[in-house]
Amino acid sequence: MRLTNYFLPISKEVPTDAQIVSHQLMLRSGMIKQSASGIYSWLPLGLKVLQRVEKVVHEEQQKAGHLPMLMPTIQPAELWRESGRYEDYGKEMLRITDRHEREMLYGPTNEELITDIFRSFIKSYKELPKTLYHIQWKFRDEVRPRFGIMRGREFLMKDGYSFDIDRPMAINAYNRHLVSYLKTYERLGLQAIPMRADTGPIGGDYSHEFLVLAKTGESKVFYDGASQHIKLGNEYVDYEDVGGLQRTVDRFTENYARTEETHDLSLFNQLPEERQVEARGIEVGQIFYFGTKYSEAMDATVTLADGSKKLVEMGSHGIGVSRLVGALIEAHHDEDGIVWPKAVTPFHVAIVNLKQGDTEIDKVCEQIYTGITAAGLDPLYDDREERAGAKFATMDLIGIPLRVTVGPRGIREGMIEVRCRSTRTVKELPINSVVDYCIEEFRGFE
RNA sequence: CGGGCUAUGGCGCAGUUUGGUAGCGCGUUCGUCUGGGGGACGAAAGGUCGUGAGUUCGAAUCUCGCUAGCCCGACCA
């Protein structure tokens, strides 16, 4: 993409309305624009990041055997009456009346819809297990939206629903989600710690929230310092291996890690003092096994081998996709702007032309642009008539991992400067090896 | 939903106390110089002062209503 053809409304000034760094940087870098309290437009740059996050989420869900689909944002009130939640949900639910005076709502979540789909089509135990998911916009009419995209009223969420024949199978589905979530966050360049979450009136141990540590996080968290170093890394995950999955889950959940709601001081104090960590975190996902709550209310059953009917065991599992974009910035920025992890960066390589209009330099820029594009990477070429400082500041602000600087100084020697955004280290490379260097840097991330 | 605050060119703000020609910085446009970290100089465009009513010879400024947004708290992914 050439910057002169792009839409990138950046700003030098820090917007007064933004309190936290991710919100400030998203506004300054032209990723989003507020349209009403807690409701945002995603401008081209923001959308690119959002889509990259979405892509990783999709890939990891499908590796775990979960099936993508898409449910609507607008739902009929009827289904919610059936589950009893139409009354329970309160003012957080945005209620709408259509022209036929039919009561509708903008979905805050999708248990009712998916259960209705399930019961319409799945009748036999032979068709289980199934996990269906979608990535769709939700609306919760928060009393007080804040922190930009991190706590908006409208948000993009991946929500998956598992259907199983019995409790052990449902727990396996739970484990599949837990591990696939860990994979997802790691790929995105985030470390998220699974923490035991409140299961509400249903009880049981089967809900975890995933927290990304950040000073600005909304939740207070307490955990065993040992948890912080557990990683999957390149470890292969076999989602068919029930026992192996359980062992992985145990490894990640055996240490003490809880949010304020479930915090147990006496347990926490049993840890050696140096491992008692108290911090703040951003909630980026939650998994929940809740048994037959909805299948019972909405009569979702399958026929067993002996002809009897059985209520299906369900779980719902969510990842806050739009919120992740904010969390990523909270975790990856410096005083000059955003520092995108390679997996989600909106552009891979920034090409900065320091002497627009110089035949030789324009030519070299074009050559690198073409080479990078041909390799399947996404370059952003600053071909504006701007001074060097402005161009550098722009690329730093929007956080492109690699910056290729083409100017008279280097060209005289046949050399080009490539700078890494995160380490700020600079390499001088011969012109013809720049493209290969960039490709190599992104191996495994594209 | 309780408490507090704000609304003035695209953005950030001053002006409101004490009513009297609407101002600054950034950005934008044009020109000249410049050219490896948001450059300099010169010129220009751009505002029904959130909105409705009232007080007044006269309202950005005073009074009342409404709307929108923000902050703290309770709540939430």
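Conventions used here
- Residues numbered from 1 in each chain as written.
- Chains lettered and ligands numbered in written order.
- Predicted model: local features only at pLDDT ≥ 70, side-chain atom pairs only at ≥ 80, totals over all residues.
- Heavy atoms only, no water.
- Phe/Tyr/Trp six-rings, centres within 6.5 Å; stacked < 30°, edge-to-face > 60°.
- Helix = DSSP H or I, 4+ residues; strand = E, 2+ residues; numbered from the N terminus.
- Lys NZ or Arg CZ within 6 Å of the ring centre and 35° of its normal.
- Axes fitted to C-alpha atoms, helices over the stretch in contact; angles between N-to-C directions.
- Parallel < 35°, antiparallel > 145°, perpendicular 65-115°, else oblique.
- Left-handed = near helix turned anticlockwise from the far one by under 90°.
- Contact = heavy atoms within 4.5 Å.
- Pairing = 2+ DSSP bridges.
- Salt bridge = Lys/Arg side-chain N within 4 Å of Asp/Glu carboxyl O.
- Buried < 20%, exposed > 50% of the residue type's maximum accessible area, 1.4 Å probe, protein only.
- Right-handed = clockwise from strand over helix to strand, strands pointing away.
- Near = heavy atom within 4 Å.
- Polar contact = N/O pair within 3.5 Å; in protein donor to acceptor, adjacent residues only side chain to side chain.
- Nonpolar A, V, L, I, M, F, W, Y, C, P; charged D, E, K, R; others polar.

Visitor: Would you take a moment to explain the packing of aromatic side chains for this structure?
Guide: For any pair of aromatic rings, the description consists of the separation of the ring centres together with the inter-plane angle of the planes. A complete count under the given rule lists 15 aromatic pairs for this structure. Between Trp42 and Trp137 the ring centres are 6.5 Å apart and the planes differ by 55 degrees, which places this aromatic pair in the tilted class. One end of the pair, Trp42, is in strand β2 (residues 39-42); the other, Trp137, is in strand β7 (residues 130-139), and 95 residues separate them in sequence. Grouping aromatic residues by their ring pairs yields a cluster made of Tyr174, Tyr206 and Tyr289. Here Arg2 stacks its cationic end above the ring of Tyr369, 4.7 Å away from the centre of that ring. Cation over ring: Lys342 sits above Phe442, and NZ or CZ is 5.7 Å from the ring centre.

Visitor: Even after reading the chapter, I still don't get the packing of helix α6 (residues 167-188) against helix α7 (residues 242-253), so can you show me in this structure?
Guide: Between α6 and α7, the shortest axis-to-axis distance is 9 Å and the interhelical angle comes to 60 degrees. As judged from the angle between their axes, α6 and α7 are oblique. By crossing handedness, the relation of α6 to α7 is classed as left-handed. Seen from α6, the contacting residues are Ile171, Asn172, Asn175, Arg176, Leu178, Val179 and Leu182; seen from α7, they are Val242, Leu245, Gln246, Thr248, Val249, Phe252 and Thr253.

Visitor: I would appreciate a short explanation of the sheet that holds strand β20 (residues 379-382) in the present structure.
Guide: The strands making up a sheet associate through hydrogen bonds between their backbones, and the pairing can be parallel or antiparallel. Strand order in this open sheet of five strands is β20-β19-β21-β22-β23, and the pairing throughout is mixed. Strands at the two margins of the open sheet, each flanked by one partner only, are β20 and β23 (426-430). The average undirected angle you get between the axes of adjacent strands in this sheet is 25 degrees. Bridge count between strand β21 (residues 402-406) and strand β22 (residues 415-420): four bridges; the pairing is antiparallel. When the bridges of β22 are listed, Thr405 appears paired with Glu417. This element, helix α12 (residues 388-398), spans β19 (349-353), β20, β21 and β22 of the sheet and lies at about 170 degrees to β19.

Visitor: What should I look at first to understand the pattern of salt bridges in this one?
Guide: Charged atoms that come close allow side chains of opposite charge to pair. One pass over the full model with this rule turns up 31 salt bridges. With a closest N to O distance of 2.9 Å, Asp336 and Arg424 form a salt bridge. One end of the pair, Asp336, is in the loop between β17 (333-334) and β18 (337-338); the other, Arg424, is in the loop between β22 and β23, and 88 residues separate them in sequence. When its relative accessible area of 31% is taken as the criterion, Asp336 is described as partly exposed. On the basis of relative accessible area, Arg424 is assigned to the partly exposed category, the value being 33%. Salt-bridge contacts for Glu441 lead to Lys342; the nearest nitrogen and oxygen are separated by 3.3 Å. In this pair, Glu441 sits in helix α14 (residues 434-441) while Lys342 sits in the loop between β18 and β19, placing the two residues 99 residues apart along the sequence.

Visitor: Teacher, can you tell me more about the pairing of strand β16 (residues 313-320) here?
Guide: On any regular strand, side chains alternate: one points to one face of the sheet, the next to the other face. Where burial is concerned, most of β16 is hidden: eight out of the eight residues are buried. Relative to β16, strand β8 (residues 154-164) runs antiparallel, the two sharing eight bridges. What sits directly across from Met157, in β16, is Gly320. Note: strand β13 (residues 276-291) against β16, six bridges, orientation antiparallel. When the sheet's bridge partners are listed, Gly291 is paired in β16 with Met314.

Visitor: Got a minute to help me understand the pairing of β19 in this structure?
Guide: Counting buried residues along β19, five of its five residues qualify, which places the element largely inside the surrounding structure. Residue alternation in β19 divides its side chains into two sets, Val349, Ile351 and Asn353 and Ala350 and Val352, and both sets are buried. Strand direction decides the pairing type here: β19 and β20, joined by four bridges, are parallel. Across the sheet, the residue bridging to Val349 is Pro379, located in β20. As for the winding sense of the linkage, the β-α-β connection from β19 through helix α11 (residues 359-374) to β20 is right-handed. Note that β19 and β21 share five bridges and pair parallel. Within β21, the residue paired with Ala350 across the bridge is Arg403.

Visitor: Looking at this model, I keep getting lost on the protein's contact with RNA strand B. Mind explaining?
Guide: Neighbouring RNA strand B are 40 residues, the closest being Arg144, Gly152, Glu283, Asp396 and Glu417. In the interface set of RNA strand B, defined as its atoms within 4 Å of the protein, sugar plus phosphate atoms amount to 45%. A distance of 2.7 Å is found between a phosphate oxygen of RNA strand B and a side-chain nitrogen or oxygen belonging to Lys91. For RNA strand B, a sugar or linking oxygen lies 3.3 Å from a polar atom in the side chain of Arg140. Where the surface near RNA strand B is concerned, the elements lending two or more residues are β1 (32-36), β13, α12, β21, α13 (408-413) and β22. The biggest single contributor to the surface near RNA strand B is α12, with seven residues. Residues of the surface near RNA strand B, tallied by class, amount to nine nonpolar, 11 polar and 20 charged.

The quantities given are spatial measurements derived from coordinates; they are silent on function.
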